[in-house]
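An overview of the molecular structure
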Amino acid sequence: MTTTYEPNKVLSNKEFKVVGTRPVRPDGADKVTGRAQYGADLQLTGLLYGKTLRSPHAHANIKSIDFKKALALEGVKAVVSAKDFPETKDTANYGLGDSPMNYFRGNILADKKVLYKGQAIAAVAASSVHVAEAALSLIDVKYEVLDAVLTAPEGMAKDAPILHDDLFTKEFEKQTKVNSNIAEHFQHKMGDIDEGFAGADVIVERTFDTATVHQGYIEPHNVTALWNDDDRIHVWTSTQGAFTVRAAVSEALAVPVSKIKVTPMEIGGGFGGKINVYEDPAAALLSKKAGHKPVKMVMTRAEVFEGTGPTPGSHMTVKMGATNEGKIVAAQANLAMEAGAYPGSPVGAGAMCVFTAYDIANVTIDGYDVVVNKPKTAAYRAPGAPNAAFAAEQVIDEIAEKLNIDPLELRLQNAAKEGTRRADGPIHPRIGCVEVLEAMKEHHHYQSPLTPAKNGGKVGRGVGIGFWFNIGMQSACNISVNNDGTVNLVEGSTDIGGSRASIAMHAAEVLGISYEDVKPQVADTDSVGYTAITGGSRTTFATGWAAYEAANDVKAQLIDRAATIWGVDPDSVEMEEGVLRSKTDTELNMSFKDLSAQLNDTGGPIVGRGAVDPSGIGGSFCGQIVDVEVDPETGKTDILRFTVVQDAGKAIHPSYVEGQMQGGSVQGIGWALNEEYYYSEDGRMNNPTFLDYRMPTSLDLPMIDTVIVEVANPGHPYGVRGVGEANIVSPQAAVANAIKSAVGARMEKMPMNPAAIMEQLWS
Amino acid sequence: MAKVFIPSLMQELTDGQTQLDIQGSTVREIIKELEQSYPGVKDRLMDGFKLKGNINVAVDGEVSPIGVLAKVQENSEVHFLPALGGG
């Protein structure tokens, strides 16, 4: 497939020395030569292998479990179940909000009931994986199978089978007496919705359904745990948050965090799905029961699909009204998202993002968190927002169509800007919504005629824009100066997208040294201060900020040291571009390298520290332009051209920002066109392999063109906004709008696979 | 006084009022003051000495990383929101 490829653009706001350049990533050589250590590579003396017994039913009571035969098998060293958890408090919180302990532990090892196919029930440690697997087949579990609930509307139905006897609907934290699958209902209200619709000349209302989708990281979950003889626990794992794992193991096993060390291994993708903790506590329990031997557990692909958290399916109704002049005057959304087996869908975030790109006076949004018999959902890039945008961005498009207004022009006319009040209340600070839309409108792609069909199908163009808040949270960083003029940087954010590089660049910029002279390292939980998850697009923003603070601490100490050596007042010394100099005596100057060589003789080592929990978070807007070709006889859709435009605030490393934009867009395309958990009526996933769970490959896609818009975030020293998530919010809607433009079918279901398109065309 | 926005599903506790002007220099003081006039507010928002794990507070548009310890200025806006996570 050929396409017009426009080189990536950076609409830069400010030039720096290191920030904004494109150096090679420090972990690159190890990764491309296969030397990087992933969890499955770990080998320890006396290593045992663990496997997990999983429920074959979507909903069932566990009547009994008999381990006798499994324990009798030669090579089996230990078996654990929920009965091995110690007595402890009622609530767990490992950094992701409060959760009832029985729900938290139930998702690690189920106790009396299983709530989804693939839920862990027991685990075995043995001398080999094969023996462990054989032992699983010898465990005798008696079930009482129950009717399953698979979608939010099914779960909300009055006569629905109830998953939890102890779950009562909350209304913004008000506990009701209604035992239901609706865990929570909340509402955002602004203005007068009835008055708003009364003033509208055109109103569009549609209902949308989206399927369950997995993050699809290539590396499966893995863990090795050693419960030492002295009761210290060491966990090596693939995770987006080593400290989160430490807290989760601590909460699950009632062991103090000071006795747990977590070493994050290299990570082969996460996208939010490796924040939650699954087999780690069971591996530690197995290690203890097996006589303090290390136990390694590596999931199969089917276990990843069926036993870990996908992003939710959803059922959403969106209604919007506008005047003939194109002013949107009212918007209403009713969003129900599947939490999976335990409460906690991302509907809250979806509700806060659904209309955030627009300035609308009258808005009502209702959100429902609904438990169903599917794996407990986990985060997946901008969780909840892509579902919501799939609905809202199609309704906006339909309004533009009815009013005969260019769809980007309608969005620009109603775009949120600094001072616009969001439906959930707060006022937008400086944001880049308008700038992103303008860059889209001016882009060569949007100004060009439709890309011609390649296979005789019908072509169409669609656009969409999405928003993600981004988060801050805690980060820590230490920097120590080496006597050869380099620095070692130790930080706690596991690197899932090139963040070692972007964090190191913060330090290099402050110290005025080259990026190559900063040696970044992701440390274990004993070696660096508390650092929250790599997620919420926070890592470059917050851990980069911690590095900025640590580098400034180093810089202040270097100035003091130079002043000591020269016998002058530190206030008379400055450091710029890696050179220390007196402000008053031009003869007094020294490079950072020269001073580094003298440290041990002039007062000892210099170590800087940075620890932050920053406010000043900058949300990011991202928009897509997509040309598609649809075969009207088969419903097959090809992406002909795709452009993504995102506000990065300041792109510390533009190549990695572009990588995030392209990656989020590609995942959005897969979600749009193919990806779904395909369920049987009794709740079994029929496609738990990458052969049948179809994700796009490079052969399916054109080059994704990127434009980085830089509307500096005033809350960050370099203007950074997180960029990992906003790019997945609206590709699905943009593709849907392009399909509508091509063949006239308004797609209310996702994925928009050939069957769904043909169904819509024939309806 | 700070302008406190009451979440719509909590307005039953504030006689239907959507916004209230409340005196206080921190979010904790604001909630304490609200509780004086509208009993039940504190239980909805707080668990012991901190905000409930599923609730955030935004002061002047910025979600506070320190919850009820956040400073509130004379003309600040205060919003209580569902907590968010990201991927």
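As the structure is a prediction and not an experimental result, all values here were calculated from the model.

Let us now look at the overall build of chain A. Of the regular secondary structure elements, chain A holds 20 helices and 32 strands. Taken over the C-alpha trace, chain A has a radius of gyration of 27 Å; the compact-globule value for 763 residues is 27 Å, and the two agree within 12%. Projected onto its principal axes, the C-alpha coordinates of chain A cover approximately 85 × 75 × 50 Å. Each of the 763 residues in chain A was classed as buried or not, and the buried ones make up 63%. A fraction of 79% describes how many contacts in chain A between residues 6 or more apart in sequence connect residues 24 or more apart. Accessible surface computed for chain A: about 27,300 Å², of which carbon and sulfur atoms make up 50%. Both charge centroids of chain A, one from 69 positive and one from 94 negative side chains, sit 4 Å from each other.

A few words on the interface of chain B and chain A. At the junction of the two partners, chain B supplies 26 residues and chain A supplies 39 residues. Taking both partners together, chain B and chain A bury about 2,500 Å²; carbon and sulfur atoms supply 61% of that area. Where chain B touches chain A, the interface holds three salt bridges. When the shortest N-O distance is used, the salt bridge between A:Lys174 and B:Glu12 registers 3.3 Å. Across the chain B-chain A interface, the total number found is eight residue pairs in polar contact (both at pLDDT 80 or more). At the level of elements, helix 2 (41-45), strand 5 (55-59) and strand 7 (77-82) of chain B are the ones that each hand at least two residues to the side of chain B that touches chain A. Residue contributions to the side of chain B that touches chain A peak at five residues, all from strand 7 of chain B. A class-by-class count of the residues in the side of chain B that touches chain A yields twelve nonpolar, eight polar and six charged.

All names here are of chain A. One pass over the full model with this rule turns up 16 aromatic pairs over all chains. On the numbers, 5.8 Å between centres and 75 degrees between planes, the contact of Phe208 with Phe390 is edge-to-face. Placement of the pair is Phe208 in strand 13 (residues 202-210) and Phe390 in helix 11 (residues 385-403), with a sequence separation of 182 residues. Neither residue differs from the other here; Phe208 and Phe390 are each classed as buried. A centroid spacing of 5.4 Å and a plane angle of 10 degrees characterise the contact between Tyr380 and Trp671, whose relative ring orientation is stacked. A residue pair is termed long-range when its members are at least 10 positions apart, and Tyr380 in the loop between strand 20 (362-371) and helix 11 and Trp671 in helix 18 (residues 654-673) qualify at 291 residues. Both residues of the pair, Tyr380 and Trp671, belong to the buried class.

Residue and element names in this part refer to chain A. Counted residue by residue, strand 22 (residues 475-481) has five buried out of seven residues, so it is predominantly covered. Sheet analysis places strand 22 next to strand 23 (residues 487-491), joined by five bridges and oriented antiparallel. Each residue of the ladder has a partner; that of Asn478, found in strand 23, is Val490. A loop of five residues connects strand 22 with strand 23, the two strands running antiparallel in sequence, and Gly485 in this loop sits at a positive phi of about 85 degrees.

All names here are of chain A. Across the ten residues of helix 8 (residues 280-289), eight count as buried, placing the element largely inside the fold. Within the span of helix 8, buried status applies to Asp280, Pro281, Ala282, Ala283, Ala284, Leu285, Leu286 and Ser287. If you follow the buried residues of helix 8, they end up packed against strand 4 (76-81), strand 8 (120-126), strand 14 (222-227), strand 15 (233-237), helix 7 (242-253) and strand 17 (295-298). Trailing helix 8 by a residue or two, Gly291 shows a phi angle of about 90 degrees, which is positive.

As a further point, take the environment of A:Thr534. Residue and element names in this part refer to chain A. Checked against the element boundaries, Thr534 lands in the loop between strand 24 (518-522) and helix 16 (539-566). Distance in space between the C-alpha atoms of Thr534 and Gly722 is 11 Å, their sequence separation being 188 residues. With sequence-adjacent residues up to four places away left out, Thr534 is seen in contact with Gln240, Ser493, Thr494, Ile496 and Thr539. A distance of 2.7 Å separates the side chain of Thr534 from the backbone oxygen of Thr494, its partner in a polar contact.

Further remarks concern the domain arrangement of chain A. Residue and element names in this part refer to chain A. Examined at the domain level, chain A breaks down into domain 1 (39-147 + 219-307) and domain 2 (475-612). Measuring from the centre of the C-alpha atoms in domain 1 to the corresponding centre in domain 2 gives 40 Å. Contacts between the two partners involve 15 residues from domain 1, matched on the other side by 16 residues from domain 2. Of the roughly 1,400 Å² buried between domain 1 and domain 2, counting both surfaces, carbon and sulfur atoms make up 60%. Three residues, Gln240, Phe243 and Lys261, lead the burial of domain 1 against domain 2; their summed loss comes to 44% of the area buried on that side. At the boundary of domain 1 and domain 2, one finds one salt bridge. A salt bridge links Arg500 to Glu266; the nearest nitrogen and oxygen atoms lie 2.6 Å apart. Put simply, domain 1 and domain 2 have four residue pairs in polar contact (both at pLDDT 80 or more) between them. Where the side of domain 1 that touches domain 2 is concerned, the elements lending two or more residues are helix 7 and strand 16 (260-264). Here the side of domain 1 that touches domain 2 takes five residues from strand 16, the largest share from any one element. Along the lines of polarity and charge, the residues of the side of domain 1 that touches domain 2 split into seven nonpolar, five polar and three charged.

Criteria and cut-off values
Residues numbered from 1 in each chain as written. Chains lettered and ligands numbered in written order. Predicted model: local features only at pLDDT ≥ 70, side-chain atom pairs only at ≥ 80, totals over all residues. Heavy atoms only, no water. Helix = DSSP H or I, 4+ residues; strand = E, 2+ residues; numbered from the N terminus. Rg over C-alpha atoms; globule rule 2.2 N^0.38 Å. Buried < 20%, exposed > 50% of the residue type's maximum accessible area, 1.4 Å probe, protein only. Contact = heavy atoms within 4.5 Å. Areas by Shrake-Rupley, 256 points an atom, 1.4 Å probe, with all protein chains shown as cover. Lys, Arg positive; Asp, Glu negative; His and termini not counted. Charge placed at Lys NZ, Arg CZ, Asp CG, Glu CD. Buried area = accessible area lost by both parts, 1.4 Å probe. Salt bridge = Lys/Arg side-chain N within 4 Å of Asp/Glu carboxyl O. Polar contact = N/O pair within 3.5 Å; in protein donor to acceptor, adjacent residues only side chain to side chain. Nonpolar A, V, L, I, M, F, W, Y, C, P; charged D, E, K, R; others polar. Phe/Tyr/Trp six-rings, centres within 6.5 Å; stacked < 30°, edge-to-face > 60°. Pairing = 2+ DSSP bridges. Domains from an automatic or database assignment.

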